[in-house]
Amino acid sequence: QVQLVESGGGLVQPGGSLRLSCAASGTAFSIANMAWYRQAPGKQREWVVTIRSGGSSNYADSVKDRFTISRDNVKNTVYLQMNNLKPEDTGIYYCAVLQSPFVGRTYWGQGTQVTVSS
């Protein structure tokens with residue numbers, strides 16, 4: 001059974017930084033494509049960034065040049081370094097293992113709250 005556990009969220013002032021972590025179990029992590037999504041209050045969940053098994057990544061325009069995704073295939077963990085945070089980055093951040101030929105469906109973590117406010 002695939003399990004994803006996010007951590008690292010919290011309250012930060014505008015311009016500050018946070019590092020989110022997502023620990024995965026129950027899947028062949030090294031061949032999994034991983035992603036972060038977020039959901040702001042009253043809005044639909046939106047895609048933030050994807051990192052593929054080979055390490056390449058794509059970012060939403062709203063976070064490009066501020067957020068950096070990375071993965072550690074020994075620790076089965078994906079990270080999201082978030083710099084220069086803005087109030088509009090506030091939301092619940094979810095980690096996902098994406099459906100692929102090797103993973104039968106998309107799996108979601110429980111989410112971690114990020115609040116950017118002065």
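The structure under discussion appears in the preceding block.
None of the values given here were measured: they were computed from a predicted structure.

Peer 1: It is not clear to me how the nonpolar core should be interpreted in this structure. Could you clarify?
Peer 2: In globular proteins that are soluble, nonpolar side chains generally tend to be buried together. Formed by 29 residues in total, the largest nonpolar core has its most connected members in Met34, Trp36, Phe67, Val78, Leu80 and Met82. The set of elements that each furnish at least two residues to this core consists of β3 (18-25), β4 (34-39), β5 (46-51), β7 (67-72), β8 (77-82), β9 (91-97) and β11 (112-116). Considering each element in turn, this core owes the most residues, four residues, to β3. For Met34, the contacting residues outside a window of four places in its chain are Leu4, Cys22, Phe29, Val49, Thr50, Ile51, Arg71, Val78, Cys95, Ala96, Val97 and Leu98.

Peer 1: Looking at this structure, I do not really get the packing of aromatic side chains. What am I missing?
Peer 2: For any pair of aromatic rings, the description consists of the separation of the ring centres together with the inter-plane angle of the planes. If you walk through the whole model with that rule in mind, you get one aromatic pair. Where Tyr37 meets Trp108, the ring centres are 4.9 Å apart and the plane angle is 70°; that geometry is what we call edge-to-face. Of this pair, Tyr37 sits in strand β4 while Trp108 sits in strand β10 (residues 107-108), and the two are 71 residues apart along the sequence. You can call Trp108 partly exposed: its relative accessible area is 37%. Positioned above the aromatic ring of Tyr79 is the side chain of Arg19, whose terminal nitrogen or guanidinium carbon lies 4.0 Å from the ring centre.

Peer 1: Is there a simple way to think about the sheet that holds β7 in this case?
Peer 2: The strands that make up a sheet are held in pairs by hydrogen bonds between backbone atoms, and each pair lies either parallel or antiparallel. If you trace the four strands from one edge of the open sheet to the other, you get β1-β3-β8-β7, paired in antiparallel fashion. The sheet is open, and its two borders are formed by β1 (3-7) and β7, each paired with just one other strand. Between one strand axis and the next, the sheet turns through 15° on average, direction left out of account.

Peer 1: When you look at the state of the cysteines in this model, what are you seeing that I'm missing?
Peer 2: Here, disulfide denotes a covalent bond that connects the sulfur atoms of two cysteines. Applying the stated criterion across every chain yields a total of one disulfide. Through a disulfide, Cys22 is tied to Cys95; the S-S separation comes to 2.1 Å. Its S-S torsion of about -80° marks the bond between Cys22 and Cys95 as left-handed, since a negative value means left-handed. With a gap of 73 residues between them, Cys22 in strand β3 and Cys95 in strand β9 connect regions that are remote in the sequence. Like Cys95, Cys22 is buried.

Quick notes on the rules
Residues numbered from 1 in each chain as written. Predicted model: local features only at pLDDT ≥ 70, side-chain atom pairs only at ≥ 80, totals over all residues. Heavy atoms only, no water. Core = buried A, V, L, I, M, F, W, Y, C linked by side-chain atoms within 4.5 Å. Buried < 20%, exposed > 50% of the residue type's maximum accessible area, 1.4 Å probe, protein only. Helix = DSSP H or I, 4+ residues; strand = E, 2+ residues; numbered from the N terminus. Contact = heavy atoms within 4.5 Å. Phe/Tyr/Trp six-rings, centres within 6.5 Å; stacked < 30°, edge-to-face > 60°. Lys NZ or Arg CZ within 6 Å of the ring centre and 35° of its normal. Pairing = 2+ DSSP bridges. Axes fitted to C-alpha atoms, helices over the stretch in contact; angles between N-to-C directions. Disulfide = S-S within 2.5 Å.

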